[in-house]
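# Chains, contacts and geometry: an overview
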Amino acid sequence: MNNGHHIVVLGAGYTGLFSAIRLAHRTRRTGVKITLVNPSSQFVERLRMHQIAAGQELADHRIPDLLAGTGVTFVQGTATAIDPEARQITIGGTKALGYDTLVYALGSSTDTGKVPGADTQAFTLNNPEIASRFAARLTEVAASGGTVTVCGGGLTGVEAATEIAESHPGLDVTLISLDEPGGMMGANARAYLYGALDRLGVTVESGARVTKVLPDAVELADGRLVPSDACLWTTGVKVSPLAADAGIATDDRGLVLVDAKLRSVSHPEIHAIGDAAAIRLAWGQLHGTCQSGLPTAQYTADTIARLVRGKAVKPFRFGYFHQPVSLGRRDAVIQFTKADDTPRRLHLTGRIAVAYKETVSGSPLTTYRFSKRMNVTTIVSKGGRATRNPGA
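Each chain has its residues counted from 1, following the order in which its sequence is written. The model is predicted, so local features are restricted to residues of pLDDT at least 70 and side-chain atom pairs to those at 80 or more, both for listing and for counting; the totals for chains, interfaces and linings are taken over all residues. Only hydrogens and water are set aside; all other atoms, that is, all heavy atoms of the structure, feed into the side-chain values.

For clarity, the cut-off: UniProt positions are given in the numbering used here, feature names are shortened, and annotations may be inferred rather than shown by experiment.
If you check an unreviewed UniProt entry, the chain appears there as NADH dehydrogenase from Streptomyces rishiriensis. What UniProt records for the chain under Sequence similarities (unreviewed entry) is the sentence "Belongs to the NADH dehydrogenase family."

See below:
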């Protein structure tokens with residue numbers, strides 16, 4: 001049945017790898033062939049990149065090892081073009097790879113192109129190599145008791161600033177943010193977060209817009225210069241132009257426009273997941289997190305498995321559940337949320353929150369291992385009433 005049907009998954013981040021492994025389990029005995037394409041053979045734990053930036057060493061997970069026993073073919077290479085009409089992908093500029101169904105899971109990265117100097121003077125958490133170079137720079141700066149700036153007060157910026165301050169107590173760390181750090185949290189969780197920043201000696205510049213990154217300072221819109229021997233850039237998001245360049249329908253940011261079943265509105269044989277897709281539900285559009293990404297991968301793997309068997313598919317449903325934030329290795333805060341990611345009253349702090357956050361950070365790898373043998377769910381909430389109406 002379906003002998004020769006070829007599914008290609010582009011991208012082996014959290015969502016791409018999960019979709020490939022789950023697809024292999026769900027389509028066994030169907031004759032479907034699955035190929036996973038990624039530039040590197042290393043699996044990157046994006047949830048832990050701030051730990052690498054602070055100088056910690058993490059386990060080295062290899063994609064072929066994680067795929068062992070699934071039957072999925074791994075191709076190491078960079079996709080340089082997609083021809084959706086011919087259903088072909090160009091790898092490395094020369095190799096052509098055909099597909100019947102494509103899972104587009106290329107994710108996103110930090111955008112350093114909108115503020116002068118950010119691309120040349122700042123580091124990012126886009127990959128382990130850059131994070132490691134930042135860690136090496138931190139060691140140099142720490143030797144002289146220098147200054148570090150973290151630009152961006154989202155959860156990534158907060159985690160990075162606290163991790164750096166805890167690992168290098170002699171550094172002067174400043175967190176610069178246009179919005180209030182932790183602003184999406186409830187008042188009590190936000191107060192705890194601020195208490196942790198204060199305890200670790202992190203200076204917070206809230207409501208500050210960065211206009212330029214210099215070799216030794218960060219320039220703000222009000223003209224002030226914040227001394228900076230090392231700058232970490234964590235704000236702004238960009239996606240691969242591959243889909244837009246191929247004529248696949250995208251929004252103004254390059255995210256693939258999808259229907260209620262996460263299929264491209266212009267090319268239904270293409271399924272887009274995670275940060276690469278513009279997924280809108282009744283309560284709003286998903287924002288890029290592992291929490292929402294894994295459910296899109298699970299849903300898409302199940303959807304494709306049903307489609308190759310000629311079965312009907314229900315629309316995607318999802319609701320947010322929590323906002324887990326590490327505050328160094330010994331502290332954390334967990335804000336529980338409603339489906340639209342607005343805060344509930346319940347939150348966790350301290351040791352129990354540390355254990356909770358560590359479980360969350362390690363859960364993808366555990367999920368991959370179990371998914372080779374069984375259908376493991378990553379969907380905690382389907383969004384309740386707000387997502388029950390397919391037409392919403």
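The structure having been displayed, the exposition proceeds.
## Digging into a positive patch on the surface
Condition: Exposure above 30% relative accessible area and the absence of a salt bridge qualify a residue for a patch, where like charges join within 9 Å and nonpolar side chains (Val, Leu, Ile, Met, Phe, Trp, Tyr) within 5 Å. Where accessible areas are quoted, they stem from the Shrake-Rupley method and a 1.4 Å probe; at the residue level, only the protein chains shown are allowed to cover. A pair is scored as a salt bridge if a Lys or Arg side-chain nitrogen falls within 4 Å of a carboxyl oxygen belonging to Asp or Glu. Charge assignment in this entry is limited to Lys and Arg as positive and Asp and Glu as negative, and neither His nor the chain termini are counted. Think of each charge as sitting on NZ of Lys, CZ of Arg, CG of Asp or CD of Glu. In DSSP terms, a helix is any run of H or I states spanning at least four residues, a strand is any run of E spanning at least two, and both are numbered starting from the N terminus. Three labels apply to residues, based on accessible area from a 1.4 Å probe with only protein chains included: buried if under 20% of the type maximum, exposed if over 50%, partly exposed otherwise in between.
Among the surface-exposed residues, Arg28, Arg29, Arg306, Arg309, Lys311, Lys314 and Lys382 lie close enough to one another that they form a single positively charged patch. Turning to its location among the elements, lysine 311 is positioned in the loop between α9 (290–308) and β25 (322–326). A residue is classified by how much of its surface remains accessible, and lysine 311, at 44% relative accessible area, is partly exposed.

## Let's talk about the sheet that holds strand β8 (residues 95–98)
Sheet strands associate in pairs through backbone hydrogen bonding, adopting either a parallel or an antiparallel arrangement. Using the following cut-off: Any two strands with at least two DSSP bridges between them are considered paired. For helices, the axis comes from a line fit to the C-alpha atoms of the stretch in contact; other axes are also lines fit to C-alpha atoms, and the angle between any two N-to-C directions lies between 0 and 180 degrees.
The strand order β6-β7-β8 describes an open sheet built from three strands, whose pairing is antiparallel. Every other strand in the sheet has two partners, leaving β6 (79–83) and β8 as the edge strands with one partner each. Between one strand axis and the next, the sheet turns by 25 degrees as a mean value, whatever way the strands run. With four bridges connecting them, strand β7 (residues 88–91) and β8 associate as antiparallel partners. Across the sheet, threonine 90 pairs through a bridge with alanine 96, a residue of β8.

## Looking at the packing of helix α1 (residues 14–26) against α9
Stated formally: Throughout this description, any angle smaller than 35 degrees is read as roughly parallel, any larger than 145 degrees as roughly antiparallel, any in the 65 to 115 degree range as roughly perpendicular, and the remainder as oblique. Crossings are sorted by hand: turned counterclockwise from the far helix by less than a right angle, the near helix makes the crossing left-handed, and turned clockwise it makes it right-handed. Residue contacts are counted whenever heavy atoms from the two residues lie within 4.5 Å of one another. Polarity classes work like this: nonpolar for Ala, Val, Leu, Ile, Met, Phe, Trp, Tyr, Cys and Pro, charged for Asp, Glu, Lys and Arg, and polar for all others, with Gly in that last group.
As a packed pair, α1 and α9 sit with axes 8 Å apart at the nearest point and diverge in direction by 30 degrees. Here α1 lies roughly parallel to α9, going by the angle between them. α9 is crossed by α1, and the crossing has right-handed handedness. Contacts between α1 and α9 pair Tyr14, Thr15, Phe18, Ser19, Arg22, Leu23 and Arg26 from the former with Cys290, Gly293, Leu294, Thr296, Ala297, Gln298, Ala301, Asp302, Ile304 and Ala305 from the latter. The class makeup of the residues in the contact of α1 with α9 is nine nonpolar, five polar and three charged.

## Topic: the UniProt feature "domain: FAD/NAD(P)-binding" (unreviewed entry) in the chain
As recorded in UniProt, the sites labelled "domain: FAD/NAD(P)-binding" (unreviewed entry) are residues 6–280. The span residues 6–280 is 27% helix and 30% strand, and its two end C-alpha atoms sit 28 Å from each other.

## Looking at the sheet that holds strand β26 (residues 332–337)
Strand order in the open sheet formed by three strands is β25-β26-β27, with antiparallel pairing between adjacent strands. A strand with exactly one partner marks an edge of an open sheet, and here the two such strands are β25 and β27 (343–349). On average, adjacent strands in this sheet sit at an angle of 15 degrees to one another, irrespective of strand direction.

## Some words on the pairing of strand β2 (residues 33–38)
The line we're drawing: Classification remark: right-handed applies to a crossover when, strands pointing away from the viewer, the course from the first strand over the helix to the second runs clockwise.
Burial runs high along β2: five of the six residues are buried. Across five bridges, strand β1 (residues 6–10) lies against β2 in parallel orientation. The residue bridging isoleucine 7 from the neighbouring strand is isoleucine 34, located in β2. At this point the chain moves from β1, through α1, to the parallel β2, and the crossover so formed is right-handed. With four bridges joining them, β2 and strand β5 (residues 73–76) adopt parallel strand pairing. Note that in β5 the partner of threonine 35 across the bridge is threonine 73.

## Describing the UniProt feature "transmembrane region" (unreviewed entry) in the chain
In the UniProt entry, the feature "transmembrane region" (unreviewed entry) is given for residues 6–24. Between the C-alpha atoms that bound residues 6–24 there is a distance of 12 Å. The span itself is 58% helix and 26% strand.

## Description of the nonpolar core
Selection criterion: Only buried Ala, Val, Leu, Ile, Met, Phe, Trp, Tyr and Cys residues count toward a nonpolar core, and they belong to the same one when joined by side-chain atoms within 4.5 Å.
With 32 residues, the main nonpolar core has Phe134, Ile164, Val202 and Leu232 as its most contacted residues. Elements represented by at least two residues in this core include exactly α2 (49–53), α5 (128–143), β12 (147–151), α6 (155–167), β13 (172–177), α7 (187–199) and β18 (230–233). Setting aside its immediate chain neighbours within four residues, valine 202 contacts Ala161, Ala165, Val173, Leu175 and Leu197. Ile89, Ile248, Ala276 and Ala277 belong to the second-largest nonpolar core, a separate cluster that totals 31 residues.

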